Each structure stands twice: as structure tokens, then as C-alpha cells.
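# Residue-level structural notes
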Amino acid sequence: RGHDGVCCLRTAQPPNADMPRRRSAWSLNRALVFRVGRAAPNGGSSCTLYCGGNGWQRPQQPRERGGVCSAWCCERRGAMNPSARSLLRRFSTLTKPALLPPPAASRAAPLALAPPPPPPPLADSVAAAVAAAATLLPNQPILENFVHRNPLHAFEDMPFDEAVRHVHQLEAPSSPGKRALTLSGMDPRKRSDEAIAELSAVFLDRGAAAWGAPGRNQGFLHFFASLEGLGWARWRRHARKTARRVLAAEPGPEQSLALAEEIVTENLLCFGVAPDDRVSTIRAMLMEMRGWAGMFHRMEGYAHEAPANTLVRLVDFFAVQTILSRASIETLAVRAGWDRRTPLAHWLGKAPAVPSFVDAAAAPERHPSSLAFLDQSSDRRETLELEFEWSLLHRLGNRPVPSPPPRPSLQLFTCIDERSGSLRRHVEVLFGEGVDTHGIPGFFGLPILFQAASGLPPTVLAPDGVAPRALLVETVRTNGGGVAKSAATHMAQVLFAQAAQLVEKMSFSPIGSLLLSCLLPFSLGRLVLMSALPDAHGQLTALLRRTVLAAPRTDFKMTLEPTTAAAMLVPIFNNLGLRDAHHFAPLCVVLGHGSTSANNPFSAAYNCGACSGRPGGPNARFFARVANDEAVRARLRSDHGVCVPDDTVFVGGQHDTTVDTVELFDLDRVPASHGSRLATVRDVLDRALGLNALERCDRFASARGVRTPEQALRHVWTRACDPAEVRPELNHSTSAAVVVGRRGLTAGLSLNRRVFLPSYNPLFDTDEGTNLERVMDPALHVCCGIGLEYLFSTVSPNHHGAGTKVPLNIVGDIGVLQGTAGDLRAGLPAQMTEQHVPLRTLFIVDAPVLRIQAVLRRREDLNRLVRNEWVRLVARDPQTNRFFRYSRGEYVPIDLAKDAAPTERAYDMTAAGEDFFARQREHMQGVTRREELVYRAASAGMLMSLVVPLGIFGGGAGIEEATTSARDVLAAGCGTGLSLSALAFGRRFVHGDALFTRFALLSVGLAASFNMVALAPALTTPALAGWSMFGFSSALLINLYNDRPSVCNNATYAFAAYQVSDLAMLVAAALCTHHAAGAAITGGGGEHGALVANGLVVAALLKSSQLPLTSLFVRSMEGPTPASALGYAGLSAHVGVVLLASSMPLWFEVDAARAVLVSVGLATAVYSSATARVHADRKGSLAKATSATLGVIYAILGMGYADEALLLSLGHASFRMIQILRAPSIMADRRNLRQVLGSRIEPNIASQRVYRLGWALHRFHTDFHALGVLAVITRHVRPAKPLVMTRNQRWATTAGVLCLTGAPIFPLYYFKEHLLMELLHTEPLLAVAAMAMHFGLSVGLVRFLFCNVTNLSYAGDRKPCGRST
């Protein structure tokens, strides 16, 4: 509505009499696709149904009616069959007015119009409505197959600007949950979204959880129903009722779809959704969980990406979403005054369907990175595009293209990738005359199915959607003495892989974790190397791989017939103009490209997009082998007229774009006559790689002091092997253009790695552009997808992007979360887009205009990208050397001599030599210098937090002794060492993030808190202050990235838990006999000995995520990964052990306290160990495993083994911190294991009984927690509109709130402590009331602070995108 266009519904196959007459025919078979086209010829809107396929014909031109939606269908050799008639009736429900054909119609005549029938039941069109609403969902593959694509691909048949506006309009309507928020002031979507996210994670899990979920073959609706009855949350009563209904129906896969549609129908009617609004409402609800909904939609269409034996359907997902949404809305509506005797639709109808104050296109988003500097805004996009076009065209100029050498000495074939383009340039400069380089899509025209020698399942190395035409089976070479060596190497790899797998499994067992804790020297040394000495850590790892785990030499056999192979090679040679013998060099090097890095969940995006996100080395190797085959060369000569000389040798290889190394394959097959040439080429490549690395280092903010190629190669190698490096390389962040043409057009020009360079020789092509079509096809699709994904992820990092990598969490091995809960994040992370200038890709094609037009007429998929200006096109006539800009359907000549420069220029690509990104480099260096100062200050602060308390308490009075014990000093020293390691890791991991300073200072707060608790000789004020400071530092760290609702909730939850722990500690300290004088209580003596002992035990257990607060660590993983490792695997996790070990005289003689400690610890070990195995996200599972191991350590401590407990705590903290710090690398670790062990690392599919037990325990902490109570108490702390505050006002408000809540850095804390301790002695009941009031006030104020003052979703904490001076 509101858009003039043609809506075509096409079926992939024609309906026939055998098609089942069920609603799943369209949704399951993906037969329904919506396309919005151009306006009808008469200016009105028309809607046409085409039923195409064998035996079916397209209708004649429909008689358009202004504003009328017509339905057309062609019969099949006679009367329309019942299925076709049913299909058209289904379509009629989607259009107004609806049209039905008569029972029979003449084949030549169009269908007659019929009066609109009564509207059918809503369920009849649920599948179609869900399919229509899904057009806005991201179509991002799983991480393993990540390739760049246009986020708005479904709207490419609309002009670019119109599509962007149209998408904003489609996103405007409110969902029922948003309407409920408007009416009640409480958001029902928070808990329903969290519930569906945790269900989706385990349902779509591809092996991340230790226990694979059973029963997924019946669909998501049945899976939800089978687990819903295990919970007891009051707000999910409707969900449990619906679950019982689903289980009672016992549906099969087909029946479950009908049931899902029926449930959706009922819930939409309950929400008061009119038939005309159903698509917009479904879309609004799906967009609230766009990541998970998009993954369901993706796996439904790409079944090979779904988990094995799993039925994935978007309709099922939406049915579950409506069930949980309805349950949550009804509960909150009752609180808001809704009368259950009246329909819920009446209450929801009071809220507007489309908020009048929302303008989605008006609010630019802030980029999370402080390194983002230049023009990261969509406001100046068109101006920037003109500036860049002017600069690039003037660099190219109107000069004639020089001819290549008569016969080159070397030819280099690389991918069209701009990262390979810079290597080509350096090779040309170093080699001098006689080199000829070409850019080819990275699969080199050979779509293959690659079976690696490791035994992994075969992978397709071809562009997305291109079927492989050859099988390449890699084998281990057995010639010479390599058999025994290969067998020994493989055995070593298997042993190491099995050891790594065993360590992973043991880490999720409390007993196994204790055994791993005994490896303290190894884990602590590895932590220090990995954090503070990444270069040494990488060298040790590389040495191990070279000496023990060296990859074996491999080979493969030809699987193509010579005729087929020649037919696959000839298009490549024709595109490049290589036909005669003198066109080929004696040595031709073919380089695919790939990427290796230690920390990169998006590694597939760094590989070759033309190989489906995998390295292109096997394709290059296969190309060389095929081109060297004599039989293939004979076929090339006889069948295609391509003469490859006998002395030409092709050598395949792979360029690692991260490390800047080149590996050449099959060098033993190079004849001895080419030995000197090969040696020269290898020397040139080595020097070119150094220059290439040096050029790359110019864009790295941390590459200070890199001046030589050797230093540059060392730097990029360190980045690749550093698990703390979130920017192993910049990938395509600098890309902006594609030049399709001869290399002479750009030879000698330094284009700053901004231009893709596909090779095309227009002099060897036909007027119809046969060769040009083959070049433009992959170039347009691949490069357009790359450019548009970078554009939208840059200008909209929180909507179309994946956010920052700092709190990133891998879930299910399919995608990433921010923190441990919420929606999947599609798009690119901020670290990949911070240096990108958002432009539409500029295509410059070296071909006549008529030839380009001929290609676009044949290829509508390419034509719509150009016609609708999703890319910008400039044609260069190879005869006249003139440029023509495509604009509004015409090719307008460009006169470079008269074309004036833009008045305000952001770039300078002239030959004068000005630095291209000098301003941005200066800005990044300034940020790096400030971060270095902060890092040094934080490191000094951590050291001072150890030295100062040690100096103060070294001679103070203690409980039993006059000085702090050596054990306490050792504990504080180890805690400081762990803190410094986490800070050093975070120096690189959080580098460039806008919140780096806060992270560093709050980390100092954690270290200082730990040292105060460890070194304070008694339960004196310093110990209490340190214990309380833990809560404030932890809550503020958790709340750093609070632009998501779950962050504010979880930070408030953690703060509330720490407040209870603080109060328990305060009670224990206050009730010590003669506390003020420091007198000791031993042997349970004193009148309040039991209360003191139990207070200490409760304080320690609550701080360590023990029962009943087992979800504390999981909810605390919202912050930066280094902070999560430091707090919830290191200091905060084990500070309770340190406290109890140093105060054993106060509690050990009290049997009740010991019993509580041992029983709660063992119960937590069992509980958390089971729930850790059902978590599909990496951080959440590690958090639960940490709680389980701590439970056993507490049990050991309760048995009196204090020294052993402390030693185990240090070992546990070391290896658990390593696991969390390496959490982003878990997919690479699993991939390496699969290469050696194959299917032996797949998770065990748990039995129904075992999994239900684990899930029931998991539901305990999700159903029963204080967040619901806190939400009710604090629901008025967030105003209707965001508070507008300056930076100084926010800092002042934050300081005031922290002062009122009793942060130890303010004097009010000590007054509160003294007052409460006095009241506990004199007026216990009044003291309890005061503590309860203080708890409620503190939690409310902190929640107000998190929701209104520090909220990044609207706080102006970071500079907005755009120009900065």
C-alpha cells in the first residue's frame, strides 16, 4: 500500500494434480517469492500471478486497471486443474480486491474477473504472509560460510534511494509488544525475546553445546512444546498451556505446520491484527528478533547449513514467538489494568500502530569505534561518491592503454581482490619489464568440490549458487620415504588433537577441572605469554607446528576429461585476450588467496568470496595442473584455437593476505629448465610481500615504529597469531571501486588498495560482449555485495552491523551475540568497518557503451543493479578513451578537462603525492597515544593496589597475628599478576574501542578490591570497602555496552546480588566481639559466632555464583571479554575462597557454616555442571562450568584444606581465563580438531531424559530470579523519553548516584557502614529495616543510572559519525 508497482508471484514448479493441497506447499518448498517492480503502464498498481514451468505459458499483457490488483493464470492444455485454482484462490487472499477465475477458461483468453469472495480464515494465508514479511530479514549464512551480500538484496528491483526509504517505512509499524510498552511502561519483549533466543540457540546448535538437543527432527514448535513444561514461571502459563496442546496433537512434520499456522492465527486475532495488517505485524514481530528469524529463514532455504536431523521452518519460529509474546503481554497487561473479561485486542488497540514520533531514517547511529573518523555517515554519501569518482577518473585519465610486452617473461594470475591488486603492483615494480599480471575471480573459472586430505566433508569452492563441475580429492604423498614420516606426523597430530579434545571435555567437569588446575605452571605461563608476550607465544606455537605437527605433502589426481577441462579454461583465456603462443609467458604463477588468524570468528569473510568464503589455493593448484596437462593443451588448440606453448609452465599457489606469505604448490613438477626463472620469481614475490606488508602497516594504528619490510612482515605475522588481535587485517574496509579492463589502464598507479581489478581485454570480444558478460557477472555480484554490506554495516552499525567485537560471544557455531543473551547479530563488526568510507561501489568498465548495453539487456540480474543505481557505472570507450557516466538510464559523456573538482574534497588521489588518509592516520595515532597513557596508568594503579595495602597492613593488627600472613601476600600477588595479564590482553583486544578508558580504570578497581580483601588482616573497614568495591566495579563493567535491554537488566541483577553479599559481610563484621578493638573470635566463640560464620559463608557463596544465584556469572558476561575473564574466571570468582581461607578461625569451628559451605558447593557443582552442557553459547557455558568447579573448591575448603583450595583456585583461574580470552577463537580450534579427528569431535546427542533434566535445571535460574521483582520496583525509573544530558551532567549524575548508593570511594560509605554496625549492636530490627531500605534505594538508583544516564543507545558518549576536525 502506498507504493505503485507490479507484484509478481512466481512458482518455481507448476502446480499439478498431485500437489498436496496443504498450506505447506508454498512455505516448505519456498515457491512463493515477492518482487516489487515498476509502476504499471497506465500509472496504477497491478498485481500479477504467473504460474510458470513445463507446459505453462506466460499470459498476454494484462489489461491494466488503475489501482486494481488483477490475477492472471494460464491453464495447462485445457481447463484449469483444481490445484491451480486453489493456488489462485490462495493468492486472492493477499490482494484487494480478490479475484477468482472461473472453473474453466480458454487458453487464449485472459481469466475473467469475479466478485470478491468473503475473506477466508486468516490461517489460509499465514505461510504466505510470513514469507512476505521475511523480505526484511537478513540472509546471512552461518559463520563457516560467511560471504558478503547486500543486506537489502530483496529490494534490488527498486532504485537504491527509494529502497532505503521503503525499508524504513516497512520497519515503522509497531509490534503488539511495542504497543504494550506504550500502554504499560513495561516492555514485555525483554523476557519473551530472551526465552526464544535461548530456545533458538540450542535448536540451531551445530555442535557448540556439550549435549546436543534431541527431538529436533519434528520442528521448532514441537521442540518448544517438549521443553516448556519443565519451567514454572508464572508469566509463561499460556505458553505451557499451548505446549500441552501441541504435544497432545502429536503432529508429524506436515501436520505441525498446519498447527503452527493455526496457533499464529489465534494469537494474531488475540492481538487484534486485521487481515490487511497481518503482514506488517508479522514483519514487526520478526524484526524484533531479526537475527534469529533470519537464521531460521536462511536454514529453511539452505538445508545444508542447518544442524543434522533438524527440521527448520520460519513459520514454526514465528508461532513460538507469538506464543511467548502473548504470554508476556497478557501478564503485563493485567498489571497495567487490563480486565481479562475483555479482549486483549481492545486494550492493545489504544496504542498507535505506527508511532508518530519515529523517523527511522533521521537518526544517524554512532560508530562504536573511536578509530572511526572520516565520513562514516550516510548524509554525505552522494558528495563523497562524486569526490571519489572525480579523483579516480583523473588518476586514470584519457591516456591510451599501453600494449603488453610481445611475450612476457612472467605472468601472474591473482584474484580480482584489492588485496591481491597491491601485490600485483609491487611485483610489477620489482620485476620490471616483461611481467604481465591479470585479475580473475578467485575460483579461476573452476568450480570444484574439494575433499581435503584431512578427511573433512567435501566443500564447494565456487561462488554461491554455482554447482561444482569437478571433484578434487587431496591425498598424502607416498613417494620416497614420505610414508613413514607422514604416518608419524599424522599420529602426532592425532595425539595432540585428542589431548586438546580431552582438555575441553574435562573443563566442563568439576573433577576434571580440578585436575586441569593442577597444571598451574603450564596454564599460568601460557596466560602470561598469550597476554603480555604474543610474539613469543606465536613463535612457540609455530615451532610446535613445524617440528611436530607439520602438514604432510599432498597431491591429487586429475578428475576432468581433457575436453571438459579445455572448455572450462578457454573462457578465462578469452577474457584475458590470451590466444596465441606469444601471449603466454614461460612461467605463469596462479595465486589464490586465503587468510589465517588466531582470533577471527568472521574468518570466512576474509577468505575468497568467489570460493564461498574459503581459501582459493586448491582452485589455483587445480588450474595449474589442468593447464599443464598435454591432452588439455591439445584440446585447446584443436577445439578452441588457444595455443599454449610447450615451454609454458603453470605453477599454482596461495597468498595469505593476513600474514603476507605465498606458498607455491607442486614445485617438484617444475622442469629443471625453469629453475632459474622460478628462483627469480620467488625472490621477487618475497620482496613484494614485504613491501605489501609495509603498505598495510600504514593503516594499522598499532604499527608504530614499523619502517622496513622486515619489520612489517614481523608485525603482520604477530597480528595473525595473536589471540588478542581483533583486526588481523582490514579485509575490504578500504574497497570503493572496480576497474574492469586491461592492466595497462591502472598500471603504475598506487590505488591504496581501494580498487578491485578484474582483467578484461575489449579487443578480443564480440559486439555482444560474450567475454564481458563472463567478467561482469561475478564482478558485479561479488563486489556489489561486498560494497553494500560494508556501506550498511558502517552507517548503521547497530542495525545492519554486528556491533563491536569486544563483548562478542559465539553461539551454536552459527553466529555471534553481544554478551550472553539476545538476538543474533548479522552484518560486519565495528572493527571491520571503522576505516570504511560508505560509498556505493564505482564500476569503471573498459568497453564500448553499446557492448555494455547488450550485456545488460541479456542479464536482468546485472541490469537491475545498474539501472536502480545500487552500483555506479562509468563506461570507458577503448577506442576514444572517453568516459561515460550512467545516470537515469543514459550514458552521459565526461569531459575530464572541463570537469571541475568538487568544492570540498575528502580525498586526494592526484599525482602530487599527498597522503591519502593522512588525517585519519593522525587521528588514529592520537587515539593510540591516549590509550597507551591510560594503559600505563592502569598498570601502575594495579601495582600500587598491591604495594600500598601491603605497606599499610604489614604491621597492622590482625585476628591472630600482628601482620598479614605470607599466604595472603602470595594470594594478592597472584591476583595482581592475573590482573596485569588481563589488562595487557585487553590493551590489544579493546584497542580502538570508545570505552577503552572505562574498561582499564574499572579493571584497576577489580584488582584493588581483590588486594584489599586479601591483604586486610581482619574484617576491618578496608576489607569491607574492598568487598563492596567489587560489586560497583563489576556492575559498571557489565554495564559498559548497555545499548541492549539485557545488559541493563543483567548489570542490575549482578549489583543486587553483590549488595546482598555486601550486607552479609557487613553483618559478619559488625557482630565480631569487640570489632572496633580488633579482638579475635576463635573456635566459634562470642555471643554471635554462628551469625558471623554464616554471614561470611553466605557473602562468599553469593559473590561466587553459587546456589541459588548460579546465573550470576552467566549474566555477568555482558561486558568486554578481558573483563569477563578477569572478573568471573579470575578475581571475583575466587575472592570468596581467599576471604574464607584467611578468616577460617571465624567460621571453621561452626559446624552449621561448614555444612552450608560443603553442601551448597557440591549442589552447585552438580547443578551448574549439568546446565553448562546445554548452553550453546561459549561464554555462558564457561560461566556455568566455572561455578561448578568453584563449588568443589568450596567443598574442599569446607573440609579444612585451605592451602590446597587456594592453590587450586590459582590454577583454575589461570586456565579458565585462557578459555574465556580465547572464546572468539573457539570455531578455529574446533575446525583444527575436525581436520584431524573428523566426526570424532561431534557432541553427544543426549537422551531425552538426560537433556530434559539439564534443561529443567537451566530453567530454574531463568524462571526464578529477582529481575521480575526488580523490574516492578524500578519500572518508573526510566522516563518516557530519554534524558538529554551533556557529558559533564552525566559524569556529575553518575558521581551523585554512586555516592548515594554507598560506593567506597565516597565518604558517605563509611558513615553508612559505621551507622549500620552500631545499629546491629543496639537496634538489630532497626538495622535490618535500614539495610532493606538501603538495598532497595541502591538498586533503584543504580538501575536509573544504567537505564538513563550511561545508556549508549542515546547517551552522547561518543562523537557521532561524520566529519571531524
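## A short note on the overall build of the protein chain
- Looking only at helices and strands, the protein chain has 48 helices and 22 strands in total.
- Per-residue burial for the protein chain yields a buried fraction of 62% across its 1365 residues.
- Taking the intrachain contacts of the protein chain between residues at least 6 apart in sequence as the baseline, contacts between residues at least 24 apart amount to 78%.
- Surface accessibility of the protein chain: about 50900 Å² in total, with carbon and sulfur atoms responsible for 59%.

## Quick word on the environment of Arg419
- Mapped onto the elements, Arg419 comes out in helix H15 (residues 418–431).
- Linking Arg419 and Thr657, residues 238 residues apart in sequence, is a C-alpha distance of 6.9 Å.
- Ignoring anything within four residues of it in the chain, the contact list for Arg419 reads His593, Tyr606, Asn607, His655, Thr657, Asn692, Glu729, Asn731, His732 and Arg753.
- Here the side chain of Arg419 touches Thr657 through a polar contact of 3.3 Å, side chain to side chain.

## A look at the pattern of salt bridges
- Within the structure shown, the criterion is met by 61 salt bridges.
- One salt bridge connects Asp846 with Arg742, and the closest N-O pair in it is separated by 3.0 Å. Residue Asp846 is located in the loop between strand E18 (842–845) and helix H28 (849–858), and its partner Arg742 is located in the loop between strand E14 (737–740) and strand E15 (755–756); the two are separated by 104 residues in the primary sequence.
- Arg742 gets classed as buried once you look at its relative accessible area, which sits at 17%.
- Note that Asp777 is salt-bridged to Arg859, the shortest N-O span being 3.2 Å. Of this pair, Asp777 sits in helix H26 (residues 770–795) while Arg859 sits in the loop between H28 and helix H29 (860–867); the two residues are 82 residues apart in sequence, bridging distant segments of the chain.

## As for the side chain of Arg872
- The residue Arg872 is located in strand E19 (residues 872–876) in this model.
- Taking relative accessible area as the criterion, Arg872 reaches 11% and is therefore assigned buried.
- Reaching out from Arg872, the side chain makes a polar contact with the backbone oxygen of Glu385 at a distance of 2.8 Å.
- Excluding residues within four positions of it along the chain, Arg872 makes contact with Glu385, Glu389, Arg840, Thr841, Leu842 and Phe843.

## Concerning helix H17 (residues 510–517)
- For H17, the tally of buried residues reaches six of eight residues, placing the bulk of the element in the interior.
- Burial in H17 covers these residues: Pro510, Gly512, Ser513, Leu514, Leu516 and Ser517.

## Details of the environment of Ala747
- Locating Ala747 in the fold gives a position in the loop between E14 and E15.
- A C-alpha to C-alpha distance of 9.5 Å links Ala747 and Arg424, two positions 323 residues apart in sequence.

## A short note on a nonpolar patch on the surface
- Judged by side-chain polarity, Met944, Val947, Val948 and Ile952 come together as a nonpolar surface patch covering roughly 370 Å² of accessible area.
- Val948 sits in the partly exposed class, given a relative accessible area of 38%.

## Observations concerning the side chain of His715
- Considering the arrangement of structural elements, one finds His715 in helix H25 (residues 709–721).
- On the basis of relative accessibility, which here comes to 16%, the residue His715 falls in the buried class.
- Leaving out residues up to four positions away in the same chain, His715 has contacts with Cys697, Phe700, Ser702, Ala703 and Val706.

## Concerning a positive patch on the surface
- A contiguous patch of positive charge on the surface is contributed by Arg234, Arg237, Arg335 and Arg340.
- On the secondary structure map, Arg335 appears in helix H12 (residues 314–335).
- Overall, the relative accessible area of 45% leaves Arg335 in the partly exposed class.

## A look at the environment of Gly231
- Structurally, the position occupied by Gly231 is in the loop between helix H7 (220–228) and helix H8 (237–249).
- With near-sequence residues (within four places) excluded, Gly231 lies in contact with Arg240, Arg1259 and Asp1263.

## Side note on the pairing of strand E7 (residues 448–451)
- Summarising the sheet, E7 and strand E8 (residues 459–461) pair through three bridges and their orientation is antiparallel. Counted as the bridge partner of Leu449 is Val460 from E8.

## Concerning the confidence of the model for the protein chain
- Mean pLDDT over the protein chain works out to 84, with 83% of the residues at or above the 70 mark.
- Counting contacts from residues 955–962, a segment whose pLDDT is below 50, to residues more than four positions away or on other chains yields 15 contacts.

## Things to note about the packing of aromatic side chains
- In this structure the tally under the stated criterion is 26 aromatic pairs.
- Aromatic side chains Phe573 and Phe650 sit 6.4 Å apart centroid to centroid with 40° between the ring planes, which places their arrangement in the tilted category. Here Phe573 is found in helix H20 (residues 562–576), whereas its partner Phe650 is found in strand E12 (residues 649–656), with 77 residues between them in sequence. Comparing Phe573 with Phe650 shows no difference in burial state: the two are buried.
- A network of ring pairs unites the aromatic residues Phe413, Phe444, Phe573, Phe584, Phe623 and Phe650 as a single cluster.

## Notes on the pairing of E14
- Neither face of E14 is left uncovered, since the one carrying Ala737 and Val739 and the one carrying Val738 and Val740 both have all their residues buried.
- In this structure, E14 lies alongside E15, joined through two bridges in parallel fashion. Directly across from Ala737, in E15, lies its bridge partner Val755.
- Where E14 lies against E18, four bridges are found, and the strand directions are parallel.

## Some words on the sheet that holds E7
- With mixed pairing, four strands are arranged side by side in an open sheet as E8-E7-E9-E10. A strand with exactly one partner marks an edge of an open sheet, and here the two such strands are E8 and strand E10 (554–556). Ignoring which end each strand starts from, the neighbouring axes of this sheet average 35° apart.
- Sheet strands touched by helix H22 (residues 617–628): E7, E8, strand E9 (470–476) and E10. Its angle to E10, the strand with the most contacts, is close to 55°.

## Focus: the nonpolar core
- Core analysis: the biggest nonpolar cluster contains 174 residues, and Leu221, Phe224, Trp292, Phe317, Phe623 and Phe650 have the highest contact counts within it.
- Tallying contributions element by element places H26 first for this core, with 13 residues.
- Residue contacts for Leu221: discarding those within four places in its chain leaves Val246, Ser256, Leu259, Ala260, Ile263, Asp316, Ala319, Val320 and Ile323.
- Of all hydrophobic cores here, the second largest spans 142 residues; its members include Leu1015, Ala1133, Leu1146 and Ala1327.

## So, the sheet that holds E18
- If you trace the six strands from one edge of the open sheet to the other, you get E15-E14-E18-E19-E20-E21, paired in mixed fashion. Edge positions in the open sheet fall to E15 and strand E21 (890–894), since each of these has one partner strand only.
- Along the sheet face, helix H14 (residues 381–396) touches E14, E15, E18, E19, strand E20 (883–887) and E21 and points at about 30° away from the line of E18.

## Notes on the packing of helix H6 (residues 189–203) against H7
- The interhelical angle for the contact between H6 and H7, taken along N-to-C directions, is 115°, at an axis separation of 11 Å. Classified by the angle between their axes, H6 and H7 sit roughly perpendicular to one another. Between H6 and H7 lies a crossing whose hand is right-handed. Contacts from Ile196, Leu199, Ser200, Val202 and Phe203 in H6 reach Phe220, Phe223, Phe224 and Leu227 in H7.
- Its residues placed into classes, the contact of H6 with H7 shows eight nonpolar, one polar and no charged.

## Points about helix H3 (residues 126–133)
- Of all eight residues in H3, seven are buried, a share of seventy percent or more.
- Three or more residues of H3 are buried, namely Val126, Ala127, Ala128, Ala129, Val130, Ala132 and Ala133.

## Focus on unusual backbone geometry
- A cis geometry characterises the amide bond from Leu1107 onward to Pro1108, with omega recorded as 5°.
- Relative to the elements of secondary structure, Pro1108 occurs in the loop between helix H35 (1089–1103) and helix H36 (1112–1115).
- One non-glycine residue, Glu869, lies in the positive phi region at around 60°.
- In this fold, Glu869 is placed in the loop between H29 and E19.

Rules used throughout
Residues numbered from 1 in each chain as written. Predicted model: local features only at pLDDT ≥ 70, side-chain atom pairs only at ≥ 80, totals over all residues. Heavy atoms only, no water. Helix = DSSP H or I, 4+ residues; strand = E, 2+ residues; numbered from the N terminus. Buried < 20%, exposed > 50% of the residue type's maximum accessible area, 1.4 Å probe, protein only. Contact = heavy atoms within 4.5 Å. Areas by Shrake-Rupley, 256 points an atom, 1.4 Å probe, with all protein chains shown as cover. Polar contact = N/O pair within 3.5 Å; in protein donor to acceptor, adjacent residues only side chain to side chain. Salt bridge = Lys/Arg side-chain N within 4 Å of Asp/Glu carboxyl O. Patch = residues over 30% accessible without salt bridge, like charges linked within 9 Å, V, L, I, M, F, W, Y side chains within 5 Å. Lys, Arg positive; Asp, Glu negative; His and termini not counted. Charge placed at Lys NZ, Arg CZ, Asp CG, Glu CD. Pairing = 2+ DSSP bridges. pLDDT = per-residue confidence, 0-100. Phe/Tyr/Trp six-rings, centres within 6.5 Å; stacked < 30°, edge-to-face > 60°. Axes fitted to C-alpha atoms, helices over the stretch in contact; angles between N-to-C directions. Core = buried A, V, L, I, M, F, W, Y, C linked by side-chain atoms within 4.5 Å. Parallel < 35°, antiparallel > 145°, perpendicular 65-115°, else oblique. Left-handed = near helix turned anticlockwise from the far one by under 90°. Nonpolar A, V, L, I, M, F, W, Y, C, P; charged D, E, K, R; others polar.

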